[in-house]
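Observations on the model geometry
What follows is each chain in one-letter form.
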Amino acid sequence: MDEEPKTDSEPKLTVSSSPHIYTTESIPKIMYSVVAALMPAFIGALYFFGWRALWLTAIAVLVSIVTEAIIQKFRKVDITVTDGSVIVTGILLAFNLPAGVPWWIPAVGAFFAVAIGKHAFGGLGFNPMNPALLGRAFLMASWPVHMTTDWTNPHGGTLSGLAAITGSTPLAVVKDAMKDISDGVNVEGAQSVLESTRDLYFPLFWGRVGGCIGETSVLLLLIGAIYLFYKRYIPYQIPVAYIGSVIIIAWIFGGEGYFSGDWIFHVLAGGLILGAFFMATDMVTSPSSPKGQWIFGLGCGVITMVIRLVGGYPEGVSYSILLMNLLTPLLDRYTRPKVFGA
Amino acid sequence: MLHILQKTFKGGIHPPENKDISAAKPIERLPLPGYVVIPLQQHIGKLSEALVQAGDDVVTGQPVSKASGFVSLPSHSSISGKVKSIESFPHPLGQKVPSVIIEGDGEDRMSEQIKFQADYMSLPPDEMKRRITEAGIAGMGGATFPTHVKLSPPQDKPIDTVILNGAECEPYLTADHRLMIEHTEEIVEGFRIILRILGVSRGIIAIEKNKPDAIFLFEKFTKDDPNLELLPLKVKYPQGAEKQLIFASTGRRVPAGKLPMEVRCLVHNVGTAKAIYEAVAYQKPLIERVVTVTGAVKEPKNIRARIGTPLRNLIEFCGGFVGTPGKVIMGGPMMGVAQYTIDVPVIKGTSGVVVLPSEQVREMRLQPCINCGRCVKVCPMNIMPNLAATYIENNLWEEAKSAGALDCMECGSCGYVCPAGRNILHNIRFGKFMILEQEKASKN
Ligand code: SF4
Ligand code: SF4
């Protein structure tokens, strides 16, 4: 009956395959929620590190956006800067920098993160590693002095969080003390430093210690994380496995003898909270199968603690996540759940 | 196990139900259409063979085609009048199908064989089955598998439990719901006939909890029958899917790639049970069914329509479209089929006609997978839809198969939840087709 002329009133119907209805969730919604979840920590950063935190973050975000737009313009594809993912990358990169770095550090880092970390691999969804962390790793390799010494004192506190010690972040202080003890130099002083980590719980929790721009306040980061859990944008498996394994390893191996480590300190200090809730959970670069997510989190925890306790750096969060990112495709592939009835 | 206690299955989604649009509307009879289009294929299986020719006079209920094998079904004229032609006609499931087009005479002269027989329950099971076969009944939940085939399990696969599917988990649809509250007794009788034919003493009536009125009525009609058990189910899509329903009701898992009889179960839809009752007690063939017409139409309704009625008549009976229609879906919005013309007829499996306004029709947003894992979480078959779809996009058929693509029941949950708007199910369907083609090719 195709020959019959269709009248004007005949509706033009769309034919596409099922399902015909969809969730209201979208990539921009998810990404802007992550941006919103990072805001408490950002406001905290303004309080602790002053206007510098704002400038450095603004530069990182701006350069990220411009880099993405230019690359997409050149490749003649849709410009997707409004989906929010590049903004997340910019903020996370800035959050992983000391507040005292010169302005071009976030600019170069953001460019590298977006151009190499994201678009060299094909853009959102195809990048194997977290672009912000890759940007940071590039900066660490290229300008290690800026990246490891440009700390500034947080508002109302000292870099180490301890009145007696200056010039180092808490994790570095503890790492030095552990080294002193094993080397047999200044053992008593080192022991008293290790004991004083207990006094650091509150400053670490609140954020009044030295560290990267966005990593210092556990409280403010947790507020954002709770929001993301509530929206179901991050799986619980990764942070639970990550922080859980840090706790166990820190408790067993983190002290002078076995089973005496200050695990609370290891959870609160450094970038663990930022990493476990906001970077290890990056959807693109972490597994989508629940079992894979457990293993991923566990791997992050183990590698972080190996670096913190025996490696050359005081902090191991970002490298551990980058390493586990590389395993993500394998984890997804080999942790497939059993098909129903199989 | 937790999932059994909750009477549900793992995974699934909660799309907006939108059932209140039509749930309170009693079933209305559609005026006789001027003509009907009876496709020779309204079921899974072989095309039936036409028994009439252009010019023949037919009465309501008269067979116009006969089954062409065991897995095939006859079709019947749903009105009285004259056969205009037998021609290839657009079919709601896609392709064009040879169909008998009958011009009505408006008299609705009934076939003489249709009459009530009070002692139908004492008929021998073989006679019951014969009547069901002749009535041309196909599964009315939408799967349209010939019912008499399901009622003839092989000797070595005994059935011990039959489940009556009143879940109606598709959003928007209320046809089964209305049927359950307006025809409770007939449905229960039909269910008893099924149990009698199979010689099974355990029948479970499974209804989602969002239909408390139906649960109440079934309670009333079954409470004295020790063989029948009422099972309220958690509201979740796709609760009515066969394997998920069997798991929720009995805790048994149908093995991948196998049929329910593998675990001694059988599932029948409530509409099918009513058709079975009419076939056995009245010798009435399947010539009408209840269809929910809803969404962007002026007055959504539950309509009893003759098989073969053009969808156009149903939409006009509901006052026409509201605004510009974007999609007309036969079936529910999760598993239904979008139509390109509303001239296609109602067939045995038409549970609903859902009109989505053009604003609700989404443009394809071809964004890449962000590996968020939502599809993994909701897939009731425990497939990783993101992986399966990616393998298929890259022509990795073997990988797709080992990822479970063939076990996909096409519920659409993965596509529903994907924030990237990826048409995962479309990919998997294509993959299934390609995997089967490859297997065929390698066998030859
Ligand atoms: S893969 Fe198939 S069974 Fe799984 S959610 Fe998607 S459509 Fe449903
Ligand atoms: S829901 Fe969509 S974006 Fe998320 S993992 Fe599945 S396919 Fe990828």
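Residues numbered from 1 in each chain as written. Chains lettered and ligands numbered in written order. Predicted model: local features only at pLDDT ≥ 70, side-chain atom pairs only at ≥ 80, totals over all residues. Heavy atoms only, no water.

1. Topic: the pairing of strand β8 (residues 96-104) of chain B
Residue and element names in this part refer to chain B. Summarising the sheet, strand β2 (residues 35-39) and β8 pair through five bridges and their orientation is antiparallel. Across the sheet, the residue bridging to V37 is I101, located in β8. Two elements, strand β7 (residues 81-90) and β8, share nine bridges in a ladder whose sense is antiparallel. Paired with E87 across the strands is S99, a residue of β8. A loop of five residues connects β7 with β8, the two strands running antiparallel in sequence, and G94 in this loop sits at a positive phi of about 125°. (Pairing = 2+ DSSP bridges. Helix = DSSP H or I, 4+ residues; strand = E, 2+ residues; numbered from the N terminus.)

2. Quick notes on the nonpolar core
Ranked by size, the top nonpolar core spans 115 residues in total, and within it A:Y242 and A:F278 carry the most contacts. The element contributing the most residues to this core is helix α1 (residues 27-49) of chain A, with twelve residues. Discounting residues that sit within four places of it in the chain, A:Y242 has contacts with A:L272, A:G275, A:A276, A:A280, A:G297, A:L298, A:C300, A:G301, A:T304, A:V317, A:S320 and A:I321. B:M140, B:L179, B:F191 and B:I207 belong to the second largest nonpolar core, which has 43 residues in total. (Core = buried A, V, L, I, M, F, W, Y, C linked by side-chain atoms within 4.5 Å. Buried < 20%, exposed > 50% of the residue type's maximum accessible area, 1.4 Å probe, protein only. Contact = heavy atoms within 4.5 Å.)

3. A closer look at the domain arrangement of chain B
Domain assignment breaks chain B into domain 1 (30-113 + 285-360), domain 2 (120-282) and domain 3 (374-443). Its C-alpha centre places domain 1 of chain B at a distance of 32 Å from the equivalent point of domain 3 of chain B. (Domains from an automatic or database assignment.)

4. Some points on the packing of aromatic side chains
Residue and element names in this part refer to chain A. On inspection of all chains with the given rule, the structure shows 18 aromatic pairs over all chains. Pairing F48 with W206 gives two aromatic rings, centres 5.7 Å apart and planes at 80°, and the pair type is edge-to-face. In this pair, F48 sits in helix α1 while W206 sits in helix α9 (residues 201-206), placing the two residues 158 residues apart along the sequence. F48 sits in the buried class, given a relative accessible area of 3%. (Phe/Tyr/Trp six-rings, centres within 6.5 Å; stacked < 30°, edge-to-face > 60°.)

5. Digging into the site of ligand 2
Around ligand 2, the structure places B:C369, B:I370, B:N371, B:C372, B:G373, B:R374, B:C375, B:N386, B:C418, B:P419, B:R422 and B:I424. Among the residues making up the shell around ligand 2, the classes are represented as seven nonpolar, three polar and two charged. (Near = heavy atom within 4 Å. Nonpolar A, V, L, I, M, F, W, Y, C, P; charged D, E, K, R; others polar.)

6. Focus on the domain arrangement of chain A
Residue and element names in this part refer to chain A. Each domain of chain A was delimited in the assignment, giving domain 1 (27-149) and domain 2 (170-335). A separation of 22 Å is found between the C-alpha centroids of domain 1 and domain 2. Across the boundary between the two partners, domain 1 contributes 36 residues, which contact 33 residues of domain 2. Summed over both partners, the interface of domain 1 with domain 2 comes to about 2800 Å²; 75% of that surface belongs to carbon and sulfur atoms. In this assembly, domain 1 and domain 2 are joined by zero salt bridges. Here domain 1 and domain 2 share six residue pairs in polar contact (both at pLDDT 80 or more) between them. Only α1, α2 (51-74), α3 (85-95) and α5 (131-142) provide two or more residues apiece to the side of domain 1 that touches domain 2. At 14 residues, the largest contribution of residues to the side of domain 1 that touches domain 2 is made by α1. A breakdown of the residues in the side of domain 1 that touches domain 2 according to their chemical character gives 27 nonpolar, seven polar and two charged. (Buried area = accessible area lost by both parts, 1.4 Å probe. Salt bridge = Lys/Arg side-chain N within 4 Å of Asp/Glu carboxyl O. Polar contact = N/O pair within 3.5 Å; in protein donor to acceptor, adjacent residues only side chain to side chain.)

7. Quick notes on the interface of chain B and chain A
Counting residues at the interface gives 68 residues for chain B, matched by 44 residues for chain A. Taken over both partners, the interface formed by chain B and chain A buries close to 4600 Å², and the fraction arising from carbon and sulfur atoms is 58%. Of the charged contacts in the structure, one is a salt bridge between A:R333 and B:E399, with a shortest N-O distance of 2.9 Å. At the surface where chain B touches chain A, the tally comes to 20 residue pairs in polar contact (both at pLDDT 80 or more). Element by element, the count of residues in the side of chain B that touches chain A is highest for strand β15 (residues 325-330) of chain B, at five residues. Residues of the side of chain B that touches chain A, tallied by class, amount to 38 nonpolar, 17 polar and 13 charged.

8. Focus on the packing of helix α11 (residues 385-393) of chain B against helix α14 (residues 424-443) of chain B
All names here are of chain B. The N-to-C vectors of α11 and α14 enclose an angle of 55°; their axes lie 9 Å apart at closest approach. On the basis of the axis angle, α11 is oblique to α14. Considering how the two elements wind past one another, α11 and α14 form a crossing that is left-handed. Contact residues: α11 offers P385, A388, A389, I392 and E393, while α14 offers I424, N427, I428, F430 and G431. (Axes fitted to C-alpha atoms, helices over the stretch in contact; angles between N-to-C directions. Parallel < 35°, antiparallel > 145°, perpendicular 65-115°, else oblique. Left-handed = near helix turned anticlockwise from the far one by under 90°.)

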